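Structure assessment
Here are the chains, one letter per residue:
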Amino acid sequence: MKKILLVFGIISSLLIAGCSTQSPSSSENSKMKVLVEEVTFKSTRDTDIYATKVLPDVEGEVPLVVMLHGFVGDRSGCGNFEPLAQKLAESGIASIRIDFPGNGESKEDYTTYDLTNMTNDIDNTIAYMKENHSINKIGIVGHSMGGRITSLYMNDEITSAALWAPASNNGLKGLADFMGGDKKVQDMYNEAKENGKSAFTEWGEPYVDCSLKFFEENEQSKPLDNVAKYKGHLLIAVDEFDDYVSKETTNAVIASAKNIQVINVKNADHVFDAADGSGSQEPREFLVQETYEFLKETLR
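In this report, we go over the structure that sits alongside the text. (Residues numbered from 1 in each chain as written. Predicted model: local features only at pLDDT ≥ 70, side-chain atom pairs only at ≥ 80, totals over all residues. Heavy atoms only, no water.)

1. Concerning the overall build of the chain
Secondary structure summary: the chain contains 11 helices and 11 strands in total. Projected onto its principal axes, the C-alpha coordinates of the chain cover approximately 60 × 45 × 40 Å. Contacts in the chain between residues far apart in sequence, at least 24 positions, make up 68% of those at least 6 positions apart. Total accessible area on the chain is roughly 13,100 Å²; 47% of this is exposed by carbon and sulfur atoms. Mean positive and mean negative side-chain charge positions of the chain (29 and 46 charges, respectively) differ by 4 Å. (Helix = DSSP H or I, 4+ residues; strand = E, 2+ residues; numbered from the N terminus. Contact = heavy atoms within 4.5 Å. Areas by Shrake-Rupley, 256 points an atom, 1.4 Å probe, with all protein chains shown as cover. Lys, Arg positive; Asp, Glu negative; His and termini not counted. Charge placed at Lys NZ, Arg CZ, Asp CG, Glu CD.)

2. Description of the pairing of strand β8 (residues 197-200)
With burial as the criterion, only one face of β8 is covered, namely that bearing S198 and F200; the residues K197 and A199 on the opposite face remain uncovered. Note that β8 and strand β9 (residues 208-211) share four bridges and pair antiparallel. Residue S198 lies in a different strand from β9, and its bridge partner there is C210. (Buried < 20%, exposed > 50% of the residue type's maximum accessible area, 1.4 Å probe, protein only. Pairing = 2+ DSSP bridges.)

3. Points about the side chain of R75
Assignment of secondary structure puts R75 in the loop between β4 (62-68) and α3 (81-90). With near-sequence residues (within four places) excluded, R75 lies in contact with E38, Y50, A51, T52, H69, F81, R97, I98, D99 and E105.

4. Some words on the nonpolar core
Core analysis: the largest hydrophobic core is formed by 58 residues, its most contacted members being F71, M179 and F215. When residues of this core are assigned to their parent elements, the largest contribution, six residues, is made by helix α4 (residues 115-132). Setting aside chain neighbours within four positions, we find F215 in contact with L172, L175, M179, V185, M188, Y189, A192, S198 and C210. One finds V65, L88, A89 and F294 within the second-largest nonpolar core, a separate group that totals 27 residues. (Core = buried A, V, L, I, M, F, W, Y, C linked by side-chain atoms within 4.5 Å.)

5. Digging into the packing of aromatic side chains
Under the counting rule described, the total for this entry stands at 17 aromatic pairs. Note on F81 and W164: the rings are 5.7 Å apart at their centroids and 45° apart in plane angle, and the pair reads as tilted. With F81 in helix α3 and W164 in strand β7 (residues 160-164), this residue pair connects regions lying 83 residues apart in the sequence. Taken as a pair, F81 and W164 share a single burial class, namely buried. Taking 5.0 Å as the distance between ring centres and 35° as the angle between the ring planes, the aromatic pair formed by Y110 and Y113 counts as tilted. (Phe/Tyr/Trp six-rings, centres within 6.5 Å; stacked < 30°, edge-to-face > 60°.)

6. A look at the pattern of salt bridges
Enumeration according to the criterion identifies 15 salt bridges in this entry. The salt bridge partner of E105 is R75, with a shortest N-O separation of 2.7 Å. Linking E105 in the loop between β5 (94-98) and α4 with R75 in the loop between β4 and α3, this pair joins segments that are 30 residues apart in sequence. Classification of E105 as partly exposed rests on a relative accessible area of 38%. Taking relative accessible area as the criterion, R75 reaches 10% and is therefore assigned buried. Of the charged contacts in the structure, one is a salt bridge between K173 and D182, with a shortest N-O distance of 3.6 Å. (Salt bridge = Lys/Arg side-chain N within 4 Å of Asp/Glu carboxyl O.)

Encoded structure:
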């Protein structure tokens, strides 16, 4: 399945900040055309992975950025992935963002949302892009739980990675931040041991069932250890007011990294909305711009 839209790079400044009455600068006029495609391709499980790829309209090799959303999320990345993808493509960097199993357009049950399947889907995504495009360097952007799987996935093939409010503490501590605390996570784990799954109700409907495998794999996982071993370029975005990922967790990521660029996003909540309720787009604009500059510098 494939829908193709041709989007001119000149509109990127409208995606975040709204309409502008200023005349475009010469640099804006020189932005590349951008091709946006909604695609599906097969997972290791022979299910469909739903994705959006955003490509610069150029020939030859291009860098690739894979964008990974959070728990009970989708490939919009809470509205932050699209403007980032647009800016990257205008500068000659391709991207693809996917719906993890049970999320977004995925037709799989939420019980398939576990670290093994998420990792396999990242592998399948990179393989799909390499099969269909000339890719050289690879970067990853992960938000929240997407930041956790990014922290676990990072390897020598990944030139740079950006972690947005990552739930990357070791073991179940990484889940406790956003799933209601240590006791709530342990209660869900115990229920999953009895029933094979446990319903997550902390955020209200629609409820999702987390599998026993989800808890077992996360209990054994050590994102901080992999962060410490990672030799590539690393960025972490820390929002000022986060109810879902604690400062203890983000500080642990920063302390574990050998070399990390830290951006503190003022007046931002976990999804980088304005925490004061003003509707200001400044936190999102800052997040997107700083991440874009980091990826452009490390991948080009």
